[in-house]
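Inside the fold
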Amino acid sequence: MNLIPVAIERLSAEYARLPGIGPKTAQRLAFHCMAAPPDDVTRLADALYALRGVVRPCSQCLFLSEADLCAVCSNPRRDPTQLCVVEEALDVLAIERSGEFGGLYHVLGGVLSPIDGIGPNQLSLDQLDNRLGAGTVVEVVIATDPDVEGEATAHYLADRLAGRGLTVTRLAHGLPAGADLQYADEVTVARAFQGRRSL
Amino acid sequence: MNACRIESLRLYEFRNYADTTVEFGPGLNVMGGRNAQGKTNLLEAVATLTLSRSPRAASSADLFRWGSTACLVEAHVHRLDGPADLGVRFTYDTATRHVGRSATVNGKPRPARSLLGICPVVLFWPDDLLLVKAGPEGRRRLLDVVLSQLDPRAMAELHRYRRALEQRNALMRQLRDGGGSLSALASFEAEFIDAGARVRVARARLVQDLLHWAVPALVQLGGDGEALGLNYVAGGAVFDPTTGDVDQARSAISTRLQARRAEEVARGISLVGPHRDDVEVLLAGRPARTAASQGQQRSIVLALKLAEVAHIRATADVSPVLILDDVLSELDETRRQSLLATVAESGIQVLVTTAEPAALHGLGGTEIHFFEVDAGSIRPVR
């Protein structure tokens, strides 16, 4: 006999599909929705429903937007000569929080990963070519993750962009800011040494 | 001497153990009992905890007790610089069939890789007796297990190399079947070559270090130590780390990749790189797999294992725990005595399983603790 009503099972199963949520947490969330005031649940449902109707990829950089152009692309104070290529939309937020970058972004929508069947055609490279074709961009900053797939994608982009008269740069790997050298792990210290610069 | 030892070990829902805790002593710990009672599983649990994964199971899903979806191994480890509590837990998600792994050090969640090196181990399974004669995989694994415990950078490079290899192989298969992108292949090769070169140099250096310790060990076992030779063989040629560096290894891999590209694409696999390297074992300049007798080969294997112990002691400044699964009964009396004498002298902790614990009674000069393993339970015997 199944103790839990099917509707709750269904909701738990949907929650469990979300990243970072295991079966136990999913069940707790589903039971919470049952116990919470009806208004709260309605707001949650409305927010979820509205999301896909209202938010779409920016037509230029593929970051998330409620208009044709996102808040970054439509900001006239951003420097259009610098373009930062990132894996996904969340990476834009991380770089924006740093306040270090005043240019525009391009969201690839993933990285090369043959195991997952992701090749160049699955990334937003045509859009990137079109943007660079306009001739405004001077520097492309590649900000993919420093793992095997991110590095390979960076290599791929560097090859693809070579010979176009662009400056192509890669984010540095190194020590976390504000941290003690003695607490950094060996791999990070080694990478920081390999990427040292003259003063 | 900074002897590292496991003071207590808990197995929860691991293999045939429901929930068992055992306290080990320093020196020799002998686990006896009939076959299929869980002696090897106990040693596997130690290896799984200290290496963060089982060196024996094809899949971590095999580690769960029948019907269980979570298992745990914990140990209290004695070190001169203070005790450490290690834990590793595996959980099985029945919906996705995914096995999750989490680790703790001193009660705090840590990445699983941080378990390695806290309590280094030297493993000796019955299969290892064929280490000289059998294929290169076992010899590569020996090097990788030592490197992973001693050198976090080498471990990171090994991990990076394996990932690049997997991606490259996936791409090779796509290219073979008419898909894939050649320019993407070149992009993964940059990672593949760099990580591969670093793995190659680290392994070749380790081979030299092991030879340094294996020579006197072989003499102690009554063999001809001076005649022993070990070479790291990369891409069909000996790689000498005293003359070759990472740059040289990089260009060697790169050249070989160019030469065999067509063949690789045709077959859809990577034929070049450290995953195909080998350690050549020589006796008086000739390959030991054919030139050495079976007895000589066993002595060489023992010498290599003792060299692992000695190298870890010298490099990590902590003595490893030696894990011997049913190996003693495979050795003749002379080799058994010299192995145990060496171990007793070094003061390291040894966990050993045997079907005939009585043969070890009355062994002079060593502290011996006996245990009886019976149907997933273990108790000390006097």
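Residues numbered from 1 in each chain as written. Chains lettered and ligands numbered in written order. Predicted model: local features only at pLDDT ≥ 70, side-chain atom pairs only at ≥ 80, totals over all residues. Heavy atoms only, no water.

**Brief notes about the overall build of chain B**
Assigned secondary structure in chain B consists of eight helices and 16 strands. A compact globule built from 382 residues should have a C-alpha radius of gyration of about 21 Å, and chain B, at 22 Å, falls within 12% of that. Each principal axis of the C-alpha atoms in chain B carries an extent, and together these give about 65 × 55 × 40 Å. Here the analysis covers contacts within chain B between residues at least 6 apart in sequence; of these, 70% occur between residues at least 24 apart. For chain B, the computed accessible surface area is about 16,500 Å², with 48% contributed by carbon and sulfur atoms. Each charge class in chain B was averaged separately, 45 positive and 44 negative side chains, and the resulting centres sit 5 Å apart. (Helix = DSSP H or I, 4+ residues; strand = E, 2+ residues; numbered from the N terminus. Rg over C-alpha atoms; globule rule 2.2 N^0.38 Å. Contact = heavy atoms within 4.5 Å. Areas by Shrake-Rupley, 256 points an atom, 1.4 Å probe, with all protein chains shown as cover. Lys, Arg positive; Asp, Glu negative; His and termini not counted. Charge placed at Lys NZ, Arg CZ, Asp CG, Glu CD.)

**Describing the overall build of chain A**
Along chain A, the regular secondary structure elements total seven helices and six strands. Starting at the N terminus and walking to the C terminus, you meet the elements of chain A as α-α-α-β-β-β-α-β-α-β-α-β-α. Its C-alpha radius of gyration of 22 Å places chain A more than 25% over the 16 Å reference for a compact globule of 199 residues. If one aligns the C-alpha atoms of chain A with their principal axes, the spans along those axes are about 70 × 45 × 35 Å. Expressed as a percentage of the 199 residues in chain A, the buried residues total 32%. (Buried < 20%, exposed > 50% of the residue type's maximum accessible area, 1.4 Å probe, protein only.)

**So, helix H1 (residues 6–16) of chain A**
All names here are of chain A. All buried positions along H1 are accounted for by Ile-8, Ser-12 and Tyr-15. Viewed along the axis of H1, the buried residues span an arc of 60°, placing them on a single side of the element. In H1, the exposed residues that point more than 90 degrees away from the buried face are Val-6, Ala-7 and Arg-10. Of the surrounding secondary structure, the elements contacted by the buried residues of H1 are helix H2 (23–35) and helix H3 (38–54). (Arc of directions from axis to C-beta.)

**Points about the sheet that holds strand E12 (residues 286–287) of chain B**
Residue and element names in this part refer to chain B. Within the open sheet, the four strands sit side by side as E10-E9-E11-E12. Their pairing is antiparallel. Bordering the open sheet on either side are strand E10 (237–238) and E12, each of which pairs with just one other strand. Judged from the two bridges that link them, strand E9 (residues 228–234) and E10 form a sheet pairing that is antiparallel. From the neighbouring strand, Val-233 faces E10, where its bridge partner is Val-238. Relative to strand E11 (residues 278–283), helix H2 (residues 136–150) is tilted by about 100°, and along the sheet it contacts E9 and E11. Across the sheet, helix H4 (residues 182–220) lies against E9 and E11, angled at about 170° from E9, the strand it touches most. (Pairing = 2+ DSSP bridges. Axes fitted to C-alpha atoms, helices over the stretch in contact; angles between N-to-C directions.)

**Topic: the pairing of strand E8 (residues 121–124) of chain B**
Residue and element names in this part refer to chain B. Judged by which residues are buried, E8 turns out to be covered on both faces: Val-121 and Leu-123 on one side and Val-122 and Phe-124 on the other are all buried. By the bridge criterion, four bridges tie E8 to strand E13 (residues 321–325) in an arrangement that is parallel. Paired with Val-122 across the strands is Leu-322, a residue of E13.

**Looking at the domain arrangement of chain A**
Splitting chain A by domain gives domain 1 (6–54) and domain 2 (77–171). Domain 1 of chain A and domain 2 of chain A are separated by 35 Å when their C-alpha centres are compared. (Domains from an automatic or database assignment.)

**Quick look at the interface of chain A and chain B**
Facing 17 residues of chain A, the contacting portion of chain B comprises 19 residues. Both faces considered, chain A and chain B share a buried interface measuring about 1,600 Å² in area, 67% of it formed by carbon and sulfur atoms. Interface area lost by chain A to chain B is led by Pro114(A), Ile115(A) and Val148(A), which between them contribute 35%. Where chain A packs against chain B, one counts one salt bridge. Residues Arg163(B) and Glu149(A) are paired through a salt bridge, measuring 2.5 Å at the closest nitrogen-oxygen approach. Here chain A and chain B share six residue pairs in polar contact (both at pLDDT 80 or more) between them. (Buried area = accessible area lost by both parts, 1.4 Å probe. Salt bridge = Lys/Arg side-chain N within 4 Å of Asp/Glu carboxyl O. Polar contact = N/O pair within 3.5 Å; in protein donor to acceptor, adjacent residues only side chain to side chain.)

**Examining the packing of aromatic side chains**
Residue and element names in this part refer to chain B. Tallying each qualifying case throughout the model produces four aromatic pairs over all chains. Relative to Phe-371, the ring of Phe-24 has its centre 5.6 Å away and its plane inclined at 80°; by these criteria the two rings are edge-to-face. Highlighted residues: Phe-24 in the loop between strand E2 (17–23) and strand E3 (28–32) and Phe-371 in strand E15 (residues 368–374), separated in sequence by 347 residues. The exposure class assigned to Phe-371 is buried, which follows from its relative accessible area of 4%. Between Arg-56 and the ring centre of Trp-125, over which it is positioned, the NZ or CZ distance is 4.4 Å. In this structure, Lys-305 packs its charged tip against the face of Phe-124, placed 5.9 Å from the ring centre. (Phe/Tyr/Trp six-rings, centres within 6.5 Å; stacked < 30°, edge-to-face > 60°. Lys NZ or Arg CZ within 6 Å of the ring centre and 35° of its normal.)

**Quick look at the sheet that holds E8(B)**
Residue and element names in this part refer to chain B. With respect to topology, six strands assemble into an open sheet ordered E8-E13-E14-E3-E15-E16, the strand pairing being mixed. The open sheet terminates on both sides in strands that have one partner only, identified here as E8 and strand E16 (377–381). In this sheet, adjacent strand axes meet at a mean angle of 20° when their direction is disregarded. Looking at chain direction, E3 and E15 are connected through five bridges and run parallel. Of the residues in E15, the one forming a bridge with Asn-29 is His-369.

**A word on the packing of H2(B) against H4(B)**
Residue and element names in this part refer to chain B. Taken N-terminus to C-terminus, the directions of H2 and H4 make an angle of 95°; their axes are 10 Å apart at the nearest point. Classified by the interaxial angle, the pair formed by H2 and H4 is roughly perpendicular. Packed against H2, whose contacting residues are Arg-140, Leu-142, Leu-143, Asp-144, Val-146 and Leu-147, the element H4 presents Ala-202, Arg-203, Leu-206, Val-207 and Leu-210 at the interface. Here the contact of H2 with H4 is built from residues that sort into eight nonpolar, no polar and three charged. (Parallel < 35°, antiparallel > 145°, perpendicular 65-115°, else oblique. Nonpolar A, V, L, I, M, F, W, Y, C, P; charged D, E, K, R; others polar.)

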